[in-house]
Amino acid sequence: MIPVNLVLGLGFVLFLIGLVGVLIRKNMVIMLMSLELLLNGVNVIFAGLGRHLNSPRGSIFALFVIVVAVSEAAVGFALILSYFRQKNTYDTDDLNELKG
Amino acid sequence: MFAWIPLFPLVGVLLNGIFGIRYFSKRVVHAVGVGAVGLSFAASVASFVRLLGPGPTSMVKTLGTWIPASLVRVLGGRLEAFGIDMAFRYDPLAAVMTLVVTGVGLLIHIYSIGYMENDKSQARFFAYLNFFTSAMLILVLGANLAVMFIGWEGVGLCSYLLIGFWFSRDAAANAGKKAFITNRVGDFGFLLGAGLLVSALGTLDIGRISEAVGSGLVGKGTATAAALLLFLGATGKSAQIPLYTWLPDAMEGPTPVSALIHAATMVTAGVYMVARMHILFEFSGTALTVVAWVGVLTAVYAATMALVQNDIKRVLAYSTISQIGYMFVGLGVGAFSAGIFHLVTHAFFKSLLFLAAGSVIHALSGEQDMGKMGGLKAHLPGTRLVFVVGALAIAGVPGLSGFFSKDEILGAAFASGHYAVWALGLAGAALTAFYMFRLIFLTFDGRERLDPEARHHLHESPRVMLLPLQVLAVLAAIGGTIGLPRVLGGGNWLAGFLRTSTGVAESPLSPGAELALMLLSAGVGIAGIWGAYVVYVKKEGLPARKLAERFRAAYGLLTHKYYVDELYNKVVVGGTLALGRLAAWFDARVIDGIVNGAARLARDSSTVSIRVDEDVIDGAVNGVGRAHRVLSGGLRKLQTGYVYNYALAIVIGLVVLMALVATVF
């Protein structure tokens, strides 16, 4: 039986790695991957807490998140691809049309 | 019947004025012009004959209503029905005047055929003459002052047109203007007088005015004021002091015009008007005295100026002024019929003199300076004969017309106690005889002083000119019989005939006194003639030249006509010009200044408005925009456009939110 704290710790670390990846990387593909990592960190916590509390709700919630993440990844990659076709770059620093 | 009298010449005006200038031959123009006046004369004679028969002595013919009657409140608060009719009145006074105007007018029209034979615009000339005759007849026949005023202005207009008939000459054009403008001063007096009568009595009808004055409806002061204002009009029309200066200049017109307008008819309009309004003048009394004194002063004053003139027509012009002065003396001393008597005889002998002078001028190809005449008796015997008859008549030689009329006036002045007026009048009579025979002797006697050019063309006038002269000479000689005084066996027919129009002046003098006065004035006249004979024939003008040398100042005063023209020019003309300049200055400086000032004010205020618009309004609008830009300058730096910056902000916000939630719960 794996202690729940380890599971929560793993989830938190995954979340932090994802968060830092989103914040500091400028490659949009990496950022989207980091976003997946973020979500999966949360999934681990959901699943771990569900098992710890002996409730299916955690796993169900995690499944929802996975489904949403899939759709999110599909839409996200489509946007990135479309952007790449116009600007021929992945770099978010070039994505500054909204700059005041 | 009598209403037709002024109509014939008016038809002549229309025919000659509209068609004559273009389509009529000379003969037709003459026939129309003379024929119109001839018919008018015939109508006058017919009306006169009818008046002599049994029937009313005063007839009024109303042709129509001019101003419909309406109630007006007059001075004193009474209500009167005031209206003006186009009405003519025919009575003995009008009969005498129409006969003189049409009779003498007819002769002058005939004479004009010869005198104007070489003129290019004869249709215009005869149209003017007919127009004048018509206007004069309207003046004479007018039953009220308004209709009279139509004629009064009409004759003034014709006078202007005819004086300036040869308008291409500056002197003629200016003389016409002078006559017209001087007359306007008098006419203004006439209008004011008529207006005063309307406001005092509510009527312009001469008969009603006379009745109202007679029944004491008007105060003495008002009557005097109205009479004096009307008399101012008379001084303008009849060339009396102070408005006489136009008449000598009016000699610029053709000589028949001088004879018709400025001797026989128009200038006597003032005399006629005063006689017509005699009840008003008599009621005032003061006005009558003024008339007498103005008359006698003018008579002597003009005679002195006639002494030194060298222009043959100007001598006659001053003589006319002087003789009209005598007429006013007659009116002023209350002998109205005597004034009219002199008017009639004067019309005969003065138009005779003018026409005879015209004959001389015509013979000399336009020469008017007596210094260039002399010795004409051999060349112009016919003209000389009638000229001498006229001169004897005006000089007051017994038996001729002027003697009786002038003597009746002077006798009336003496009888009514105006001794000073009488004495001055007597002196004037001596002067009259002297200057008339000076003219005769200078023109017809002595050496010939003709220009060779004029000598070459010298000719006696044609029959068409001599015939009217001869008729007038006969009238001037025997015209006095219409007023032959009682002491000489006559009945003074004229005074009796005019009785209903002008009243009767009974002479309080004994027949002996009357005869003595007559002898005195006859002696004075003959003395004047004898004096002229001595000075200008026997001594060939030497005493006159010596006298002029000795009394140079007085001589200069006379030749310069007492400097009255200069005075009027300075005071009246100069004053008017100065007023005009003042008005021009006022216009240029004050009015234009105000206008320009207003414009400048508008321009300046609009400049201010532009500044307000540009600086304040636009400033506020732009300021709002600029303020936004400045303020937003700081904020927009936040929008870096880098995704990770936004992401970081989200994270920070999330953390803060979570911290808050944690703190609260």
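This structure is a prediction, so every number in the text was calculated from the model and none was measured.

## Some words on the overall build of chain A
Logical step 1: For chain A, the helix and strand inventory stands at three helices and zero strands.
Logical step 2: Each helix and strand of chain A, placed in order from N terminus to C terminus, yields the pattern α-α-α.
Logical step 3: Over its C-alpha trace chain A gives a radius of gyration of 17 Å, far above what one expects of a compact globule, namely 13 Å for 100 residues.
Logical step 4: For the C-alpha atoms alone, the extent of chain A along its principal axes is close to 50 × 25 × 25 Å.
Logical step 5: In chain A, which comprises 100 residues, the share counted as buried stands at 15%.
Logical step 6: Long-range pairs, those at least 24 residues apart, make up 49% of the contacts in chain A with a sequence separation of at least 6.

## Points about the overall build of chain B
Logical step 1: Secondary structure summary: chain B contains 26 helices and two strands in total.
Logical step 2: A compact globule built from 665 residues would reach a C-alpha radius of gyration of about 26 Å, whereas chain B, at 39 Å, exceeds it by more than 25%.
Logical step 3: For chain B, the proportion of its 665 residues judged to be buried stands at 49%.
Logical step 4: Counted over contacts in chain B with a minimum sequence separation of 6, partners at least 24 positions apart contribute 81%.

## Looking at the packing of helix α10 (residues 255-264) of chain B against helix α15 (residues 336-363) of chain B
All names here are of chain B.
Logical step 1: Where α10 meets α15, the closest approach of the two axes is 9 Å, and the angle between their N-to-C directions is 160°. With respect to α15, the element α10 is oriented roughly antiparallel. Seen from above, α10 lies across α15 with right-handed handedness. Each of Thr255, Pro256, Ser258, Ala259, Leu260, Ala263 and Ala264 in α10 lies in contact with α15, whose residues at this interface are Ala347, Lys350, Ser351, Phe354, Leu355, Ala357, Gly358 and Ile361.
Logical step 2: Looking at the contact of α10 with α15 residue by residue, the classes come out as 10 nonpolar, four polar and one charged.

## A look at unusual backbone geometry
Logical step 1: The linkage connecting Ile241 of chain B with the following residue, Pro242 of chain B, adopts the cis geometry, with an omega of 5°.
Logical step 2: Checked against the element boundaries, Pro242 of chain B lands in the loop between α8 (220-237) and α9 (246-249).

## Details of the interface of chain B and chain A
Logical step 1: Tallying the contact residues gives 10 residues for chain B and 10 residues for chain A.
Logical step 2: A total of five residues in the side of chain B that touches chain A trace back to one element, the largest contributor, which is helix α26 (residues 643-664) of chain B.
Logical step 3: Of the residues belonging to the side of chain B that touches chain A, the class tally is six nonpolar, three polar and one charged.

## Notes on the packing of helix α2 (residues 26-52) of chain B against helix α4 (residues 122-141) of chain B
All names here are of chain B.
Logical step 1: Orientation of α2 relative to α4, taken along the N-to-C sense of each, is 10°, at an axis distance of 9 Å. Classified by the interaxial angle, the pair formed by α2 and α4 is roughly parallel. Residues Lys26, Val29, Gly33, Ala36, Val37 and Ser40 of α2 pack against Gln122, Ala123, Phe126, Leu129, Asn130 and Thr133 of α4.
Logical step 2: Tallied by class, the residues present in the contact of α2 with α4 amount to six nonpolar, five polar and one charged.

## Some remarks on the nonpolar core
Logical step 1: Core analysis: the biggest nonpolar cluster contains 211 residues, and Phe132, Leu352, Phe437 and Ala476 of chain B have the highest contact counts within it.
Logical step 2: In this structure Leu352 of chain B touches Val386, Gly390, Leu469, Leu472, Ala473 and Ala476 of chain B, once residues within four positions along its chain are discounted.
Logical step 3: Of all hydrophobic cores here, the second largest spans five residues; its members include Met28, Met31, Leu38 and Leu39 of chain A.

## Focus on α10 of chain B
Turn by turn, an α-helix covers 3.6 residues, leaving residues three or four places apart pointing in a common direction.
Residue and element names in this part refer to chain B.
Logical step 1: Counted residue by residue, α10 has 10 buried out of 10 residues, so it is predominantly covered.
Logical step 2: Looking only at α10, the buried set comprises Thr255, Pro256, Val257, Ser258, Ala259, Leu260, Ile261, His262, Ala263 and Ala264.
Logical step 3: Contacts made by the buried residues of α10 are with α3 (92-115), α4, α5 (145-163), α9, α14 (312-332) and α15.

## Here's the deal with the pairing of strand β1 (residues 59-73) of chain B
All names here are of chain B.
Logical step 1: In terms of burial, β1 is a largely surface element, zero of the 15 residues being buried.
Logical step 2: As paired strands, β1 and strand β2 (residues 79-90) are joined by 11 bridges and run antiparallel to one another. Counterpart to Met59 in the pairing with β2 is Tyr90.
Logical step 3: Hairpin connection between β1 and β2: a loop of five residues separates the two successive antiparallel strands, and Gly76 in this loop has a positive phi of roughly 95°.

## Side note on the confidence of the model for chain B
Detailed reading of the predicted model is not advised wherever pLDDT is low.
Logical step 1: Averaged over chain B, the pLDDT score is 89; the fraction of residues at 70 or greater is 100%.
Logical step 2: Among the prediction metrics, the complex's ipTM stands at 0.70, with pTM recorded as 0.77.

## A short note on the environment of Met33 of chain A
Logical step 1: Along the chain, Met33 of chain A falls in helix α2 (residues 28-52).
Logical step 2: Separated by 12 residues in the primary sequence, Met33 of chain A and Gly21 of chain A place their C-alpha atoms 8.4 Å from one another.

## A closer look at helix α16 (residues 381-395) of chain B
Residues and elements named next belong to chain B.
Logical step 1: With 15 residues, α16 should reach 21 Å at 1.5 Å per residue; the first-to-last C-alpha distance of 21 Å fits that figure.
Logical step 2: The element α16 is extensively covered by neighbouring structure, given that 11 of its 15 residues are classed as buried.
Logical step 3: Looking at α16, one finds that the buried residues are Thr383, Arg384, Val386, Phe387, Val389, Gly390, Ala391, Leu392, Ala393, Ile394 and Ala395.
Logical step 4: Looking at the packing, one finds that the buried side of α16 touches α14, α15, α17 (401-415), α18 (419-444), α20 (463-478) and α22 (511-538).

## Some points on the environment of Leu307 of chain B
Residues and elements named next belong to chain B.
Logical step 1: With respect to the helices and strands, Leu307 occurs in the loop between α13 (286-306) and α14.
Logical step 2: Leu307 sits 11 residues away from Tyr318 along the chain, and the two C-alpha atoms are 9.1 Å apart.
Logical step 3: Apart from residues no more than four positions distant in its own chain, Leu307 is found in contact with Leu431, Phe434, Tyr435 and Leu558.

## Here's the deal with the environment of Ile2 of chain A
All names here are of chain A.
Logical step 1: Tracing the backbone through its elements, the reader meets Ile2 in the segment before α1 (4-24).
Logical step 2: According to the C-beta neighbour criterion, Ile2 is exposed, with 10 such atoms within 10 Å.
Logical step 3: Sequence separation between Ile2 and His52 is 50 residues, and the spatial gap between their C-alpha atoms is 9.7 Å.

Rules behind the numbers
- Residues numbered from 1 in each chain as written.
- Chains lettered and ligands numbered in written order.
- Predicted model: local features only at pLDDT ≥ 70, side-chain atom pairs only at ≥ 80, totals over all residues.
- Helix = DSSP H or I, 4+ residues; strand = E, 2+ residues; numbered from the N terminus.
- Rg over C-alpha atoms; globule rule 2.2 N^0.38 Å.
- Buried ≥ 20, exposed ≤ 12 C-beta atoms within 10 Å, placed from the backbone.
- Contact = placed C-beta atoms within 7 Å.
- Axes fitted to C-alpha atoms, helices over the stretch in contact; angles between N-to-C directions.
- Parallel < 35°, antiparallel > 145°, perpendicular 65-115°, else oblique.
- Left-handed = near helix turned anticlockwise from the far one by under 90°.
- Nonpolar A, V, L, I, M, F, W, Y, C, P; charged D, E, K, R; others polar.
- Core = buried A, V, L, I, M, F, W, Y, C linked by C-beta atoms within 7 Å.
- Pairing = 2+ DSSP bridges.
- pLDDT = per-residue confidence, 0-100.
- Expected span 1.5 Å × (residues − 1).

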